[in-house]
Amino acid sequence: MLIGVIQILILWLSMIAAAVVLIYPPTSAYALQFFAIAIIAFIVINRLGRKKQFDAETVLEQKNLNLTWQLFCVGLAIFLLVGYTGGLGSAFFPLIFIYLFFVILACAWPVSLAATLASLAFLYFLTPEFGENYYGTLFSVVIFLPIAFFAQSYYAKFLKEQRALEAEREKLAYYNLYAEKQQEALLHENKSVSKIESKNIDSTRDFLQELVPELDELQKESRFPENQMVVSARLTKLALKVRQALKQV
């Protein structure tokens, strides 16, 4: 609510400043110079607004105020130019439609409506010999307002859908990244398991290669009855080795 009031005051201030410059003869002669100063101020504020980093808690408020000051400079320049060249009869009057359209897009509808009414009052007082020939011009502004508000509502809906789509894209990118990390972890785990299994297979193969010659030797010694005790002892040792190998697998 406070931001809206501040925006209305800033936009009205641009019209008051333009009226002061145009009404007083000492300054009205330099209206075009003031117009150029307003354009330069707009460029400076626009560049500073892009470079400045706002705090996360006040970013929306600061951006709204920065945009309002840009509209102040644009409005001041347009009102100076249109008021200096004849008000409602000025050849530059269509610039008023562009200004109001920007205001309607950038601000809430109460702010836009207040700015529109103040703009019409400004043009009325600065139009010499106001008469019936200017009614059509005022009526064109009245016709323009609902069209502009409709465009603003459509644009706001479009931005909302775009933000929702962008949020879905961010979620999808996050899920894809999470799935890739999980897949990498699973592949690493499978590689580790494969290495362990390969190591176990190699150790088992080595053990069996050592075991075969001993079994061949025992087979030869078992042919003689006098070697029964020796064969039995060696078989016991082999059984212990097999048990130890099974524990390691």
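It should be noted that the structure appears before, not after, this text.
Computed from a predicted structure; not experimentally measured.

## Considering the overall build of the protein
Logical step 1: Scanning the protein from N- to C-terminus turns up 8 helices and 0 strands.
Logical step 2: Taking all 249 residues of the protein together, 27% fall into the buried category.
Logical step 3: Relative to all contacts within the protein whose residues are 6 or more apart in sequence, the contacts with residues 24 or more apart total 72%.
Logical step 4: Element-wise, carbon and sulfur atoms account for 65% of the exposed surface of the protein, whose accessible area totals about 17,600 Å².

## Focus on a nonpolar patch on the surface
Logical step 1: A surface patch of nonpolar side chains, amounting to about 870 Å² of accessible area, comprises Val5, Leu9, Trp12, Leu13, Ile16, Val20, Ile23, Tyr24 and Trp69.
Logical step 2: With 7 residues, the top contributor of residues to the nonpolar patch is helix α1 (residues 2-23).
Logical step 3: With respect to the element layout, Leu13 can be found in helix α1.
Logical step 4: Among the residues examined, Leu13 registers a relative accessible area of 41% and is labelled partly exposed.

## A short note on the packing of helix α5 (residues 94-106) against helix α6 (residues 109-125)
Logical step 1: Direction vectors running N to C along α5 and α6 enclose 160°, while the axes themselves pass 9 Å from each other. Taken together, α5 and α6 sit at an angle that is classed as roughly antiparallel. The chirality of how α5 crosses α6 is right-handed. For the pair α5 and α6, contact is made by Ile96, Tyr99, Leu100, Val103 and Ile104 and by Ser112, Ala115, Thr116, Ser119 and Leu123, respectively.
Logical step 2: Across the contact of α5 with α6, the residue classes break down as 7 nonpolar, 3 polar and no charged.

## Quick notes on the nonpolar core
Logical step 1: Within the largest apolar cluster, 39 residues are counted, with the highest numbers of intra-cluster contacts made by Ile96, Tyr99 and Phe122.
Logical step 2: Only α1, α3 (31-51), α4 (59-84), α5, α6 and α7 (135-221) provide two or more residues apiece to this core.
Logical step 3: Residue contributions to this core peak at 9 residues, all from α4.
Logical step 4: Discounting residues that sit within four places of it in the chain, Tyr99 has contacts with Leu11, Ser14, Met15, Leu71, Val74, Gly75, Ile78, Phe79 and Ser119.

## What about the packing of aromatic side chains?
Logical step 1: Summed over the entire model, instances satisfying the criterion amount to 7 aromatic pairs.
Logical step 2: Plain terms: the ring middles of Phe97 and Phe144 are 5.1 Å apart, the flat faces sit at 75° to each other, and that makes the pair edge-to-face. Of this pair, Phe97 sits in helix α5 while Phe144 sits in helix α7, and the two are 47 residues apart along the sequence.
Logical step 3: The interplanar angle of 75° and the centroid separation of 5.2 Å between the aromatic rings of Tyr124 and Phe125 together place this pair among those described as edge-to-face.
Logical step 4: With a relative accessible area of 40%, Tyr124 lands in the partly exposed category.
Logical step 5: A residue is classified by how much of its surface remains accessible, and Phe125, at 66% relative accessible area, is exposed.
Logical step 6: A connected cluster of aromatic rings, assembled from ring pairs, spans Phe79, Tyr99 and Phe122.

## Structural notes on the packing of α1 against α6
Logical step 1: For the pair α1 and α6, interaxial distance at closest approach is 9 Å and the crossing angle is 15°. Taken together, the axes of α1 and α6 lie roughly parallel to each other. Viewed along their axes, α1 and α6 form a crossing whose handedness is right-handed. Touching Gly4, Gln7, Ile8, Leu11, Trp12, Met15, Ala18, Ala19 and Leu22 of α1 are Pro110, Val111, Ala114, Ala115, Ala118, Ser119 and Phe122, all from α6.
Logical step 2: For the contact of α1 with α6, the class distribution of residues is 13 nonpolar, 3 polar and no charged.

## Some words on α5
Logical step 1: Between the first and last C-alpha of α5 there are 19 Å, a value that for 13 residues agrees with the 18 Å anticipated at 1.5 Å per step.
Logical step 2: The set of residues buried in α5 consists of Ile96, Tyr99, Leu100, Val103 and Ile104. Seen from one end, α5 has its buried residues packed into an arc of 135°, which puts them on one side.

## Describing the side chain of Ser119
Logical step 1: Turning to its location among the elements, Ser119 is positioned in helix α6.
Logical step 2: Taking the relative accessible area as the measure of exposure, Ser119 reaches 1% and is therefore buried.
Logical step 3: Not counting residues within four places of it along the chain, the set of residues in contact with Ser119 comprises Met15, Phe79, Tyr99 and Leu100.

Reading the values: rules and limits
- Residues numbered from 1 in each chain as written.
- Predicted model: local features only at pLDDT ≥ 70, side-chain atom pairs only at ≥ 80, totals over all residues.
- Heavy atoms only, no water.
- Helix = DSSP H or I, 4+ residues; strand = E, 2+ residues; numbered from the N terminus.
- Buried < 20%, exposed > 50% of the residue type's maximum accessible area, 1.4 Å probe, protein only.
- Contact = heavy atoms within 4.5 Å.
- Areas by Shrake-Rupley, 256 points an atom, 1.4 Å probe, with all protein chains shown as cover.
- Patch = residues over 30% accessible without salt bridge, like charges linked within 9 Å, V, L, I, M, F, W, Y side chains within 5 Å.
- Salt bridge = Lys/Arg side-chain N within 4 Å of Asp/Glu carboxyl O.
- Axes fitted to C-alpha atoms, helices over the stretch in contact; angles between N-to-C directions.
- Parallel < 35°, antiparallel > 145°, perpendicular 65-115°, else oblique.
- Left-handed = near helix turned anticlockwise from the far one by under 90°.
- Nonpolar A, V, L, I, M, F, W, Y, C, P; charged D, E, K, R; others polar.
- Core = buried A, V, L, I, M, F, W, Y, C linked by side-chain atoms within 4.5 Å.
- Phe/Tyr/Trp six-rings, centres within 6.5 Å; stacked < 30°, edge-to-face > 60°.
- Expected span 1.5 Å × (residues − 1).
- Arc of directions from axis to C-beta.

Interpretation in functional terms is not warranted from these geometric data alone.
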